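Letter by letter, the chains look like this.
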Amino acid sequence: MQKRQFIQGAVLSAVALASTVAAAQDNTFKIGLILPMTGPFASTGKQIEAAVKLYVAQNGNTIAGKKVEIILKDDTSAPDVTKRIAQEMVVNDQVNVLAGFGLTPLALATAPIATQSKTPLVVMAAATSSITQASEYIVRTSFTLPQAAVAMADWAPKNNIKKVVTLVSDFGPGFDAEKYFKDRFLFNGGQVTESLRVPMRNPDFAPFLQKVRDIKPDALFVFVPSGAGAALMKQFVERGMDKAGIKLIGTGDITDDDILNSMGDAATGVVTSHHYSANHNSPLNKKFVEAFTKANNGLRPNFMAVGGYDGMRVIYEAAKATKGGRGDALLAAMKGQIFESPRGPMFIDAQTRDVVHNIYIRKVEKVNGQLHNVEFDTIKDVKDPGKAK
Amino acid sequence: MLTILFDGIAYGMLLFILAVGLCITMGLMNFINLAHGAFAMVGGYIAVVLMQQYGVPFLLCLPLAFVGAGLLGAVMERTLYRPMYSKPHLDQVLFSIGLTFMAVATADYLMGSTQQIMQLPDWLKGRTELLDGALGMGHYRLFIIAVCAALTVGLQYVLTQTRFGSRLRASVDDARVAAGLGINVNVVFALTFAVGSGLAGLGGALGAEVLGLDPTFPFKFMVYFLIVVAVGGTSSITGPLLAALLLGIADVAGKYYIPKLGAFIVYALMIAILMWRPQGLFVRQGGK
């Protein structure tokens, strides 16, 4: 197996070397965009695709005299497919940069290809802390879950939330959220009385919520995938837990802008921490949201869209600086970019290649008859706590 | 404590409605239909689309989901399932699981992959507390229990007391002799299959609120259906009912008292019961 991998790697890097020579005469700048366009995470893919199209429409499709070509492929959120597509893109299409990656396993599966072929890889969605450590060529423009979890753990104790029960989905990002929230919350003098993990295929939240109700904490901290979040919030209210004085807090995944409006009144009052809200108050964001909704039939951009939009910005600027270059030069031009995104100010940390941005504390409220995450507190320049050392 | 019991019963009842159609096709018609969950999903989508996009009242959505899934079941029975009746079980399993994959892909294509969110009418949203809060009952769960109880009584009556019930049982026991006695076996089977699918659709519509609804629904709950059928035995209505209740209560209580092991309790219980009674909890003597 190792031998096979070695040969694969050797062949790949040989081809990549050859390709750098070949591409020197090529007059296109190719972006290989790999997204889950079908399957359970298709909404992630749709949001990012729309954002990428919007960015190209706004910024033109030529950089330094080279035509920008975007090759979009669907990986159906299966890691082996992602890896295969990435390989094809690097070897056959000779892309300058790989981008997309809807989920953590997809990004991790592709990391070796980025390293071997020296192709920069821009993660636009996946949020587990360790991704950028998997390859020197990975740059992230989405966010990391620990950033959001830690921000909430800082905010909560200052707002009379001392006793918390955590409830997360039983998978990687869930553990991340649970661990970083708990560590920071304990450090801040809070108390986590119970940590519940819900199976991914859990059909009914009733027993978990009843348990929380009987423990009577000040708040319930939640991380679950966004669709499940809606069901959880409804059952939370149905069980009368809001009336029993328990607050619902969590990372912004549970109040995803994409579906927030259809969650109904159960969502109002939920406090979450996240890096982007479609309601973010800045001229740039207003422009972004307006253009996005107009181009996509009223679809509201969510944090996935903004990750894709900013990812394109990072790629474009790096391509301009290197005149449509590739490999190490292109990567170097991505590091350290500071700019204003629709989410607010952000930059790409030159050391970790990870995103640094503000985390906002938001509350779900009705704005002009629509449910929105309204930001009311800001924690500035949050680095990924997973790489503190 | 009582609340947990109540939630468990509601959850069990829901499982029962979802699985009872499978019990009928599997136990009475001796056909393994793994695509059963797909009919439940169809019912769920019918209800959600009617409610959210056309503003049809919730109570009307339920029978429509039943009828919609039932009609689809009837059509499928006539065109696809009937030739499969005489095939070996492995063929049936492969056929129906293929059908499930197609249903999942179709739902994904038509409806998108996101979770569908349903807004219940206000009168179902509340909650009643009894005995100083020791027993809290969500109104929607009460509603589920009521509907399921009514259905169980009705089904039991039809199967054991009516002429149609005896025809069905006769057709199952020996289709050739039943046909010889003048029973139109094909019609009986088609009707039974349609009703089974319709019940799944109704279960899907009722469950969309509690269980969630997305294109992977048929796979998510396939295991639960099969557990209900395997544990309950397939020859009566009461067997699966008790099995579903037992599973619902065990699942909810397990997750409440031992959250770390919660997801395993159902499976452990199933293994224990099947080792004790390999034929299922309740078996009709002398049947096939």
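Residues numbered from 1 in each chain as written. Chains lettered and ligands numbered in written order. Predicted model: local features only at pLDDT ≥ 70, side-chain atom pairs only at ≥ 80, totals over all residues. Heavy atoms only, no water.

Thoughts on the overall build of chain B
Point 1. Scanning chain B from N- to C-terminus turns up eleven helices and two strands.
Point 2. When the helices and strands of chain B are read in sequence order from the N terminus, they spell out α-α-α-α-β-β-α-α-α-α-α-α-α.
Point 3. Relative to the compact-globule value of 19 Å for 288 residues, chain B shows a C-alpha radius of gyration of 19 Å, a close match.
Point 4. For chain B, the spread of C-alpha atoms along the three principal axes comes to 60 × 45 × 35 Å.
Point 5. Per-residue burial for chain B yields a buried fraction of 55% across its 288 residues. (Helix = DSSP H or I, 4+ residues; strand = E, 2+ residues; numbered from the N terminus. Rg over C-alpha atoms; globule rule 2.2 N^0.38 Å. Buried < 20%, exposed > 50% of the residue type's maximum accessible area, 1.4 Å probe, protein only.)

Thoughts on the confidence of the model for chain A
Point 1. In this model, chain A carries an average pLDDT of 86, and 92% of its residues clear a pLDDT of 70 or more.
Point 2. Residue range residues 21–25 of chain A is modelled with pLDDT below 50. Its contacts to residues more than four positions away, or to other chains, number three contacts. (pLDDT = per-residue confidence, 0-100. Contact = heavy atoms within 4.5 Å.)

With respect to the side chain of Arg239(A)
Point 1. Checked against the element boundaries, Arg239(A) lands in the loop between helix H8 (226–238) and strand E10 (247–251).
Point 2. Arg239(A) has contacts with Ala206(A), Leu209(A), Gln210(A), Arg213(A), Thr3(B), Asp7(B), Arg127(B) and Arg141(B), leaving out every residue within four places of it along the chain.

Topic: a nonpolar patch on the surface
Point 1. Judged by side-chain polarity, Met1(B), Tyr257(B), Ile258(B), Leu261(B) and Phe264(B) come together as a nonpolar surface patch covering roughly 570 Å² of accessible area.
Point 2. As for its position among the elements, Met1(B) is in the segment before helix H1 (2–28). (Patch = residues over 30% accessible without salt bridge, like charges linked within 9 Å, V, L, I, M, F, W, Y side chains within 5 Å. Areas by Shrake-Rupley, 256 points an atom, 1.4 Å probe, with all protein chains shown as cover. Salt bridge = Lys/Arg side-chain N within 4 Å of Asp/Glu carboxyl O.)

A few points about the packing of aromatic side chains
Point 1. Going through the model one piece at a time under the given rule, you end up with 22 aromatic pairs over all chains.
Point 2. Between Tyr256(B) and Tyr257(B), the aromatic rings sit 4.8 Å apart at their centres with planes inclined by 85 degrees, giving edge-to-face as the arrangement.
Point 3. Look at Tyr256(B) and you get buried, because its relative accessible area is 11%.
Point 4. For Tyr257(B), a relative accessible area of 45% gives the class partly exposed.
Point 5. An aromatic cluster of at least three residues, connected via ring pairs, comprises Phe31(B), Phe39(B), Tyr81(B), Tyr85(B), Phe95(B), Phe189(B) and Phe193(B).
Point 6. When the ring centre of Tyr256(B) is taken as reference, the NZ or CZ atom of Lys211(A) above it lies at 5.1 Å.
Point 7. Looking at Arg277(B), its charged tip hangs above the ring of Trp276(B), at a distance of 5.9 Å from the centre. (Phe/Tyr/Trp six-rings, centres within 6.5 Å; stacked < 30°, edge-to-face > 60°. Lys NZ or Arg CZ within 6 Å of the ring centre and 35° of its normal.)

Some thoughts on the pattern of salt bridges
Residue and element names in this part refer to chain A.
Point 1. If you walk through the whole model with that rule in mind, you get 16 salt bridges over all chains.
Point 2. Salt-bridge contacts for Glu 317 lead to Lys 320; the nearest nitrogen and oxygen are separated by 3.4 Å. In this pair, Glu 317 and Lys 320 are both assigned in helix H11 (residues 303–321), three residues apart and thus about one turn of the helix distant.
Point 3. On the basis of relative accessibility, which here comes to 42%, the residue Lys 320 falls in the partly exposed class.

Thoughts on the nonpolar core
Residues and elements named next belong to chain B.
Point 1. Residues Phe 58, Tyr 81, Tyr 140 and Leu 206 are the most contacted members of the largest nonpolar core, which totals 89 residues.
Point 2. In terms of residue count, H1 provides more of this core than any other element does, 14 residues in total.
Point 3. Once residues within four sequence positions are removed from consideration, Phe 58 is found in contact with Met 51, Met 118, Leu 120, Pro 121, Leu 124, Tyr 140 and Phe 143. (Core = buried A, V, L, I, M, F, W, Y, C linked by side-chain atoms within 4.5 Å.)

Some words on the packing of helix H5 (residues 139–161) of chain B against helix H8 (residues 185–211) of chain B
Residue and element names in this part refer to chain B.
Point 1. Close contact between H5 and H8 brings their axes to 11 Å; oriented N to C, the two are set at 165 degrees. Of the possible angle classes, the one that applies to H5 and H8 is roughly antiparallel. Note on packing geometry: the crossing formed by H5 with H8 is left-handed. The segment H5 lies against H8, with Tyr 140, Arg 141, Phe 143, Ile 144, Val 147, Leu 151 and Leu 155 engaging Leu 199, Leu 202, Ala 205, Leu 206, Glu 209 and Val 210.
Point 2. Per-class residue counts for the contact of H5 with H8 are eleven nonpolar, no polar and two charged. (Axes fitted to C-alpha atoms, helices over the stretch in contact; angles between N-to-C directions. Parallel < 35°, antiparallel > 145°, perpendicular 65-115°, else oblique. Left-handed = near helix turned anticlockwise from the far one by under 90°. Nonpolar A, V, L, I, M, F, W, Y, C, P; charged D, E, K, R; others polar.)

A closer look at the interface of chain B and chain A
Point 1. On the side of chain A, 32 residues touch chain B, which itself brings 30 residues to the contact.
Point 2. Across the chain B to chain A interface the summed buried area is about 2,700 Å²; carbon plus sulfur atoms make up 51%.
Point 3. Of all residues in chain B, the largest losses of buried area upon contact with chain A belong to Ile117(B), Lys255(B) and Tyr256(B), amounting jointly to 22% of the total for that side.
Point 4. Linking chain B to chain A there are three salt bridges.
Point 5. The partner of Glu209(B) in a salt bridge is Lys234(A), with the nearest N and O atoms 3.0 Å apart. (Buried area = accessible area lost by both parts, 1.4 Å probe.)

Regarding the pairing of strand E7 (residues 163–169) of chain A
Residue and element names in this part refer to chain A.
Point 1. Within E7, six of the seven residues are buried, which leaves it mostly tucked inside the rest of the structure.
Point 2. Sheet topology note: the E7/strand E8 (residues 191–198) ladder contains seven bridges and is parallel. Across the sheet, residue Ser 169 finds its bridge partner in E8, namely Val 198.
Point 3. In this fold, the crossover linking E7 to E8 by way of helix H6 (residues 172–187) has right-handed handedness. (Pairing = 2+ DSSP bridges. Right-handed = clockwise from strand over helix to strand, strands pointing away.)

Points about the packing of helix H9 (residues 217–232) of chain B against helix H10 (residues 238–257) of chain B
All names here are of chain B.
Point 1. H10 packs onto H9 with a crossing angle of 125 degrees between their chain directions and a minimal axis gap of 8 Å. The angle between H9 and H10 falls in the class oblique. As H9 runs across H10, the sense of the crossing is right-handed. For the pair H9 and H10, the contacting residues are Tyr 224, Ile 227, Val 228, Val 231 and Gly 232 in the first and Gly 239, Pro 240, Ala 243, Ala 244, Leu 247, Asp 251 and Lys 255 in the second.

Overview of the confidence of the model for chain B
All names here are of chain B.
Point 1. Chain-level statistics for chain B give a pLDDT mean of 84 and a share of 95% at 70 or above.
Point 2. Averaged over each element, pLDDT in chain B is lowest for strand E1 (residues 127–130) (73) and highest for helix H3 (residues 58–81) (90).
Point 3. Overall fold confidence for the complex sits at a pTM of 0.78, while the interface term, ipTM, reaches 0.74.

Some details on the pairing of strand E4 (residues 97–100) of chain A
A regular strand carries its side chains on alternate faces of the sheet.
Residue and element names in this part refer to chain A.
Point 1. Burial along E4 is two-sided: Val 97 and Ala 99 and Leu 98 and Gly 100, pointing in opposite directions, are all buried.
Point 2. Relative to E4, strand E1 (residues 28–35) is paired through four bridges, and the arrangement is parallel. Pairing of Ile 31 across the sheet is with Val 97, part of E4.
Point 3. By the bridge criterion, three bridges tie E4 to strand E5 (residues 121–123) in an arrangement that is parallel. Pairing of Leu 98 across the sheet is with Leu 121, part of E5.
Point 4. At this point the chain moves from E4, through helix H4 (residues 104–117), to the parallel E5, and the crossover so formed is right-handed.

Points about the state of the cysteines
All names here are of chain B.
Point 1. One pass over the structure, following the stated rule, counts zero disulfides over all chains.
Point 2. Free of any disulfide, Cys 61 has its nearest neighbouring cysteine sulfur in Cys 148, separated by 17 Å.
Point 3. For Cys 148, which is in no disulfide, the shortest distance to another cysteine sulfur is to Cys 23 and amounts to 13 Å. (Disulfide = S-S within 2.5 Å.)

What about the side chain of Thr128(A)?
Residue and element names in this part refer to chain A.
Point 1. Counting through the fold element by element, Thr 128 comes out in the loop between E5 and strand E6 (138–140).
Point 2. Judged by relative accessible area, which is 10%, Thr 128 ranks as buried.
Point 3. Not counting the four nearest positions on each side in its chain, Thr 128 is found in contact with Thr 104, Arg 140, Pro 173 and Asp 176.

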